[in-house]
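A closer look at the structure
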Amino acid sequence: MNALQTNTSVVYTGTDNGTLYAVDSRSGTSRWSFTAPSGAIHSAPTVVDGTVYVGAGDGTLYAVEATAGKRAWTFSKPSEPIVSSPTVSGSAVYFGADDGVLYAVDTASGDRIWTFDEPTGKVSSSPTVSDETVFVGADDKTLYAVDADTGDQVWTFEKPVGPVSSSPTVSQGIVYVGADDRRLYAVDAESGEQVWVSDDPTGPVYSSPEVTDGTVFVGSWERLLAIDADTGNTTWTADVPRTGIDSSPTVVEGVVYVGVLDGTLRALSAEDGTEHWSFTDPAGLIASSPTVLEGVVYVGATDGSLYAVESASGEQRWEFTDPDAGLFSSPTVVSSLEAATSAGSRVDFAYQ
């Protein structure tokens, strides 16, 4: 296990055999692997101030040194798998677990700050923090707003008639979230009141929405949708095979990138949904959400490969493969280990 040079950019991703990899973004070679988890890593890693945070199917949140791949600490209070991806805000890391609990843990020590156990279903949705409030969905058909400092409930939104496994996105004081009831909801972040609801998705919305330039982009079972963020009216749709979309879209310079469960990575115009290119090399599903940094799209597939693809052309730059595992986890990229904090399109958007 060799420490990384600090001027190198690195891609971090997890596999369903419980391995966390650090992959050189230029060559596609493994720099280190962390194999302590005894359960699958479907949670997407987050890197902040030199530490990688990731949950695993063994019910443990791991904090791992970004440069060397050594364990910093573990938090093993959850009694069920952690599919939810961790979110770091200030000195706390927030994540949900299949035991129906939202956790806040100290980033330095791994000690529990608070737990929120009101949900009566799994919390596989990944939390979003905005204005000192944590927003997260649960399988009990509820979107929760929780005080980030105390863990007290602020409000609940209970209009969905299916589980809320989609991760919420907050923009301009509105929370956007999908549900398994084939709807996308816009909810006032302060009051928890519904602003609008879109019935245009053709299937469950597992995909997490992204909001760019007044448009919400989100995937559903048979289509990718662009929806006006203010009105909830659909601007355009792009049909996909009936295998559907679990992947969350990312938007960079007027292009939407999204993975499809038929194993295709697609790039479409954000303006009208016309396709620029499709990358069809993966032999497995793409449930992973892509991230884009410096002209390269990174995405994982269940064929055990992490792909780096040119964002302009869709040409493959490299492929990193674990022949014994599939990749459901979404990759995160650190542009420089001197900063050692996640970068790229999805992170840039999340912290707007």
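Residues numbered from 1 in each chain as written. Predicted model: local features only at pLDDT ≥ 70, side-chain atom pairs only at ≥ 80, totals over all residues. Heavy atoms only, no water.

This paragraph deals with the overall build of the chain. Helix and strand content of the chain: 1 helix and 33 strands. Against the 2.2 N^0.38 benchmark of 20 Å for 352 residues, the chain shows a C-alpha radius of gyration of 18 Å, consistent with a compact globule. Along the three orthogonal principal directions, the C-alpha set of the chain runs to about 50 × 45 × 30 Å. By sequence separation, contacts in the chain at least 24 residues apart represent 43% of the contacts at least 6 residues apart. On the chain, roughly 13,200 Å² of surface is accessible, and the fraction owed to carbon and sulfur atoms is 39%. (Helix = DSSP H or I, 4+ residues; strand = E, 2+ residues; numbered from the N terminus. Rg over C-alpha atoms; globule rule 2.2 N^0.38 Å. Contact = heavy atoms within 4.5 Å. Areas by Shrake-Rupley, 256 points an atom, 1.4 Å probe, with all protein chains shown as cover.)

For the rest of this paragraph, the subject is the pattern of salt bridges. Under the counting rule described, the total for this entry stands at 7 salt bridges. Put simply, Arg223 and Asp239 hold a salt bridge, and the shortest N to O gap is 4.0 Å. Within this pair, whereas Arg223 is found in strand 22 (residues 223-228), its partner Asp239 is found in strand 23 (residues 234-239), the two being separated by 16 residues in sequence. Look at the salt bridges and you will find they share partners, linking Asp24, Arg26 and Arg31 into a network. (Salt bridge = Lys/Arg side-chain N within 4 Å of Asp/Glu carboxyl O.)

When the UniProt feature table is mapped onto this chain numbering, "domain: Pyrrolo-quinoline quinone repeat" (unreviewed entry) sits at residues 99-219 and 223-332. Helix makes up 0% of residues 99-219 and strand 48%, with an end-to-end C-alpha separation of 27 Å. Span residues 223-332 is 0% helix and 48% strand, its end C-alpha atoms 25 Å apart. (UniProt positions renumbered as here; feature names shortened; annotations may be inferred.)

Let's shift gears to the sheet that holds strand 27 (residues 275-279). Sheet strands pair by backbone hydrogen bonding; their relative direction is either parallel or antiparallel. On the basis of which strands lie adjacent, the open sheet formed by 4 strands has the order 24-25-26-27 and antiparallel pairing. One side of each edge strand has no neighbouring strand; the edge strands of this open sheet are strand 24 (250-252) and strand 27. The average undirected angle you get between the axes of adjacent strands in this sheet is 20 degrees. (Pairing = 2+ DSSP bridges. Axes fitted to C-alpha atoms, helices over the stretch in contact; angles between N-to-C directions.)

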